Amino acid sequence: MSKFLSPRLAGVTPYTPGEQPQDQKYIKLNTNESPYPPSPAVVEAVNKAEVEKLRLYSDPACADLLKTAAKHFGLKPNQIMPGNGSDENLFFAIRAFCDEQHPLAYADITYGCYGVWCGLMNIPSDIIPLKEDFTLDPADYYNKNETIVIANPNAPTGLALPRSAIEGILKANPDNVVIIDEAYVDFGGESCVPLIDKYDNLLVVQTFSKSRQLAGARLGLAMGNENLIADLNRVKFSLNPYNVNRLTLKAGQAALEDTAYFDKTRSAIIETRQWTKKELEKRGFICTDSRSNFLFAESDKKDGGELYRKLKEKGVLVRHFDAPRISNRLRITIGTPEEMQALLAALDAILEE
Ligand SMILES: *Cc1c(COP(=O)(O)O)cnc(C)c1O
């Protein structure tokens, strides 16, 4: 820290991302990426001609991608805003809809960035504990008079709320924005996109990082009432009008259009998840009913931190959060069937020790 840093920032604890080792030595089950490559259509879209166009700025309106996305989700282009990953869209939304007097409400166990962004922007957090079994009681979010963000399915628990439960929260907060972070919705959640025309306080945020194999391209979509989207654009055009680069715009469009590849890969992950869950349960693990591309598992024999370290020694990276209520759990990304077999073999060796 330099002596020049603003004292306000000195108190901010940045988010710690999952490890990204650059040596490819690990079976990487720690950051919920897809184990499959992007669609062949993406590889074709990001071609030499597009690379040569990098001398030009990208389209700040993202018009071509918006047209494709609008058709895909049954919305109008002015109901969608692309961002540099859903992280950027979530940040824009919190910047737009919260301030010192308008707190952000979110669960005690959820995506860590919500709290980090509140710290960065001096926004008060209203942290609402999940129940003992990690489920979220929608009634805890009624009449909050605060902006709300809910990851659905939630991370790292993997648990999902039905659309009807979110609808109850939307109805009970007509004067506040309710942000639904649908990073994992394609693996078994119920999307709230169909509610967008009905509720002017709903903002849905999706990402291409988890179910569309584009984590490294950085692309997300915020979707909601056109006035909410205009507010997000106000923030974007006050910060970085060219926030989505040319190659990513092309890649995202191609990924959205290849619905067959999308369905094939997400079904494979759901199937592998169910198989892995059964195998873990045979070994005495307790898993939540995950609707995501990861399992949230706890051993009845060994501590979570120890399992994380021993798996790493054996070349398997999983995520362990040294945080209250969940320090005995592992968040295990679903990889290929072969990767999950390697995980189980490593666990068997560790449990036998
Ligand atoms: C991965 C993740 C994000 C961030 O996604 P990007 O589009 O890669 O920025 C946001 N929210 C949740 C809950 C996530 O798991």
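What you see is a predicted model; the values in this text were computed from it and never measured.

1. Brief notes about the sheet that holds strand S4 (residues 125–128)
Then, in step 1: Spatially, seven strands are ordered S2-S8-S7-S6-S5-S3-S4 in an open sheet, and the strand pairing comes out mixed. Looking along the sheet, the strands with just one partner apiece sit at the ends: strand S2 (80–83) and S4. Adjacent strand axes in the sheet meet at a mean angle of 20 degrees, parallel and antiparallel pairs treated alike.
Then, in step 2: Of the strand pairs in this sheet, strand S5 (residues 147–151) and strand S6 (residues 178–181) are connected by four bridges, and their pairing is parallel. Bridge pairing links alanine 151 to aspartate 181 in S6.
Then, in step 3: With respect to the sheet, helix H6 (residues 113–120) is in contact with strand S3 (104–107), S4, S5 and S6, its orientation differing from that of S3 by roughly 155 degrees.
Then, in step 4: Contacts between helix H7 (residues 163–171) and the sheet are confined to S5, S6 and strand S7 (202–207), with S6 contributing the most and set at about 160 degrees to the helix.

2. Considering the nonpolar core
Then, in step 1: Phe73, Ile80, Tyr141, Ile150, Leu202, Leu221 and Met223 are the most contacted members of the largest nonpolar core, which totals 49 residues.
Then, in step 2: Once residues lying within four places of it in the same chain are set aside, the contact partners of leucine 202 are Leu170, Val178, Ile180, Cys192, Leu195, Ile196, Met223, Gly224, Asn225 and Leu228.

3. Overview of the side chain of serine 209
Then, in step 1: Looking at where serine 209 falls in the secondary structure, it is placed in the loop between S7 and strand S8 (220–224).
Then, in step 2: What makes serine 209 buried here is its relative accessible area of 7%.
Then, in step 3: In this view, serine 209 contacts Asn32, Glu33, Ser34, Leu214, Ala215, Arg218 and Leu219; residues no more than four positions away in its chain are not counted.

4. As for empty space enclosed by the protein
Then, in step 1: The final tally for this structure, using the stated rule, is one cavity of 30 Å³ or more.
Then, in step 2: What the largest cavity holds in volume is close to 40 Å³.
Then, in step 3: The wall of the largest cavity is formed by Ser39, Ser211, Arg212, Gln213, Ala255, Asp258, Tyr261 and Phe262.
Then, in step 4: In the lining of the largest cavity, the residues fall into three nonpolar, three polar and two charged.

5. Description of the site of the ligand
Then, in step 1: In the region of the ligand, the neighbouring residues are Gly85, Ser86, Asp87, Leu90, Tyr111, Asp181, Ala183, Tyr184, Thr207, Ser209, Lys210 and Arg218.
Then, in step 2: In this structure, aspartate 87 approaches the ligand through a main-chain N or O atom, which is 3.0 Å from an oxygen atom.
Then, in step 3: Taking lysine 210, its side chain carries an N or O atom lying 2.9 Å from an oxygen atom of the ligand.
Then, in step 4: Across the complex, the protein chains shield 92% of the 380 Å² of accessible surface that the ligand would expose by itself.
Then, in step 5: The site holding the ligand turns out to be the largest pocket.
Then, in step 6: By residue number, the principal contributor to the shell around the ligand is helix H5 (residues 85–97), which donates four residues.

6. Focus: the environment of asparagine 201
Then, in step 1: Within the secondary structure, asparagine 201 sits in the loop between S6 and S7.
Then, in step 2: Along the primary structure asparagine 201 and asparagine 176 are separated by 25 residues, whereas in three dimensions their C-alpha atoms are 6.2 Å apart.
Then, in step 3: Setting aside residues up to four positions removed in sequence, asparagine 201 forms contacts with Leu170, Asn173, Pro174, Asn176, Val177, Val178 and Leu228.
Then, in step 4: Within polar-contact distance, the side chain of asparagine 201 engages the backbone oxygen of leucine 170 at 3.1 Å.
Then, in step 5: A polar atom in the side chain of asparagine 201 sits 2.9 Å from the backbone oxygen of asparagine 173.

The rules we used
- Residues numbered from 1 in each chain as written.
- Predicted model: local features only at pLDDT ≥ 70, side-chain atom pairs only at ≥ 80, totals over all residues.
- Heavy atoms only, no water.
- Pairing = 2+ DSSP bridges.
- Helix = DSSP H or I, 4+ residues; strand = E, 2+ residues; numbered from the N terminus.
- Axes fitted to C-alpha atoms, helices over the stretch in contact; angles between N-to-C directions.
- Contact = heavy atoms within 4.5 Å.
- Core = buried A, V, L, I, M, F, W, Y, C linked by side-chain atoms within 4.5 Å.
- Buried < 20%, exposed > 50% of the residue type's maximum accessible area, 1.4 Å probe, protein only.
- 1 Å grid on protein atoms, 1.4 Å probe; cavity = no way out; pocket = protein on both sides within 12 Å on 5 of 7 lines; lining within 4 Å.
- Points joined across faces, edges and corners; volume = space filled by probe spheres on them.
- Nonpolar A, V, L, I, M, F, W, Y, C, P; charged D, E, K, R; others polar.
- Near = heavy atom within 4 Å.
- Polar contact = N/O pair within 3.5 Å; in protein donor to acceptor, adjacent residues only side chain to side chain.
- Areas by Shrake-Rupley, 256 points an atom, 1.4 Å probe, with all protein chains shown as cover.
- Sits in = over half its atoms within 2 Å of the grid points.

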